[in-house]
Amino acid sequence: MIVTASLLLSHLTSEVSKDSLRQTLTHLSTYPTRNTNTPELEKAAEWVASEFKKIPGLRVELMRYDVKKGRRVVADKSVVQVVATLPGESDKKIIVGGHLDTINLTGDPLTAIAPGINDDGSGVALTLECARILSQKRWRNTLVFVAFSGEEQGLFGSGALAERAQKESWKIEAMLNNDTVGASQGPGKLKDKKRVRLYSEESTDHNSRELARFIEWETRGKVKGFSPWLVFRKDRFQRGGDHTPFNIKGFNAVRFVEAIEYLTHQHTDKDTLEGIDFDYLANVVRLNLISLSSFASAADAPTNVRYDAKQAHDTIVRWNSQPGVSYRVYWRESSSSVWQGMVEAGEKNEVTIKGKNKDDHVFAVGAVGGVPISAG
Ligand SMILES: [Zn+2]
């Protein structure tokens, strides 16, 4: 079992193609702007949809929603974004996406050049690449790949999809937003090729925080010289992204963003192909692939995860299990931000962890590949 899983994982991560990422971004460079107010956004969305349609198994939708005239919106408008679904055996959904729209804050919204190759062409290229690779297999859970629009106007596209998800009672295990994930070089000597920041919603026990912590665990040591850098904040100072509307609706969502942003190039005509480090972007794709394949394979989470009430230096953790589902128990010291150990529990519904006291450790239980639930 484990051998198969690791073979699959190395297959997935070796499939990442810098050429394919480059082709996407080279095409996106042909639009002078992809500002949500312009017809170019529509054209780019149709192109992304046509790329998704080349991938066998995907159901591709041009989703429309309305925006009202207001801040950064020049007139009432119907806006399009792309939603591609790879149906699984279950209706549990895993969402990954980036935003297709761009903005140039130094010029006219309709005419200013806004290439947005890193922000967020990189996230769109990553999403297409994940779709291409993950569609080679059928998964237990349903994968949803999204090229959002209206992000730069106020997260309108992700807001519309999160609202629809709530109305249609989507069961979302995880939503991974990738926004500005293509560069390792900032101004001057600022550089970081080894990490991508992973933001998660405030409050220690928020589901988004547990999702981020689990992504760190599942990907640890699996992409050579590269790892997520957990940031326990919902986003950067006074800024936002497409994960936030999902968190607001009660879903688990996190954001990847490169470690060092070139802030003076962002939202100008300088956000071009030259700024992209394809080795870096490919590594962010790999972290997403490992996480997505893990969530896409996971059975339902255990319920009623609890401690045995007795005072003891060994800790007994129990949960309600489902037949045929294998579980894992994770532990960390209460002051550690990351999981420090894991025990395979197989199909059991109880495990004793020797020498780890529940007074000073946190324990959680998950179905293999699924975000664990903390014991209480
Ligand atoms: Zn962005």
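Residues numbered from 1 in each chain as written. Predicted model: local features only at pLDDT ≥ 70, side-chain atom pairs only at ≥ 80, totals over all residues. Heavy atoms only, no water.

**Topic: helix H6 (residues 156-167)**
Think of an α-helix as turning once every 3.6 residues; residues three or four places apart then point the same way.
Then comes step 1: Taking 1.5 Å as the rise per residue, H6 with twelve residues should run 16 Å; its terminal C-alpha atoms sit 16 Å apart, in good agreement.
Then comes step 2: The complete set of buried residues in H6 reads Gly157, Ser158, Ala160, Leu161, Ala162 and Ala165.
Then comes step 3: Packed against the buried residues of H6 are strand E1 (59-67), strand E2 (77-86), strand E4 (142-148), strand E5 (171-178) and helix H8 (244-248).
Then comes step 4: Backbone geometry just after H6 places Ser169 at a positive phi near 50°. (Helix = DSSP H or I, 4+ residues; strand = E, 2+ residues; numbered from the N terminus. Expected span 1.5 Å × (residues − 1). Buried < 20%, exposed > 50% of the residue type's maximum accessible area, 1.4 Å probe, protein only. Contact = heavy atoms within 4.5 Å.)

**Describing the packing of helix H3 (residues 39-53) against helix H4 (residues 117-134)**
Then comes step 1: It is at 10 Å that the axes of H3 and H4 come closest, and there the two elements cross at 20°. By the angle between their axes, H3 is roughly parallel relative to H4. The handedness of the crossing between H3 and H4 comes out as right-handed. In contact with Trp47, Val48, Glu51 and Phe52 of H3, H4 contributes Val124, Thr127, Leu128 and Ala131.
Then comes step 2: Split into classes, the residues belonging to the contact of H3 with H4 amount to six nonpolar, one polar and one charged. (Axes fitted to C-alpha atoms, helices over the stretch in contact; angles between N-to-C directions. Parallel < 35°, antiparallel > 145°, perpendicular 65-115°, else oblique. Left-handed = near helix turned anticlockwise from the far one by under 90°. Nonpolar A, V, L, I, M, F, W, Y, C, P; charged D, E, K, R; others polar.)

**Some thoughts on the sheet that holds strand E15 (residues 373-374)**
Then comes step 1: Taken together, four strands build an open sheet; the order of strands is E12-E11-E14-E15 and the sheet is antiparallel. Only two strands of the sheet have a single neighbouring strand rather than two, namely strand E12 (341-346) and E15.
Then comes step 2: With two bridges joining them, strand E14 (residues 361-367) and E15 adopt antiparallel strand pairing. Among the inter-strand pairings, Ala364 is bridged to a residue of E15, identified as Ser374.
Then comes step 3: Across the sheet, helix H7 (residues 207-219) is in contact with strand E11 (327-333), E12 and E15; its angle to E11 comes to roughly 100°. (Pairing = 2+ DSSP bridges.)

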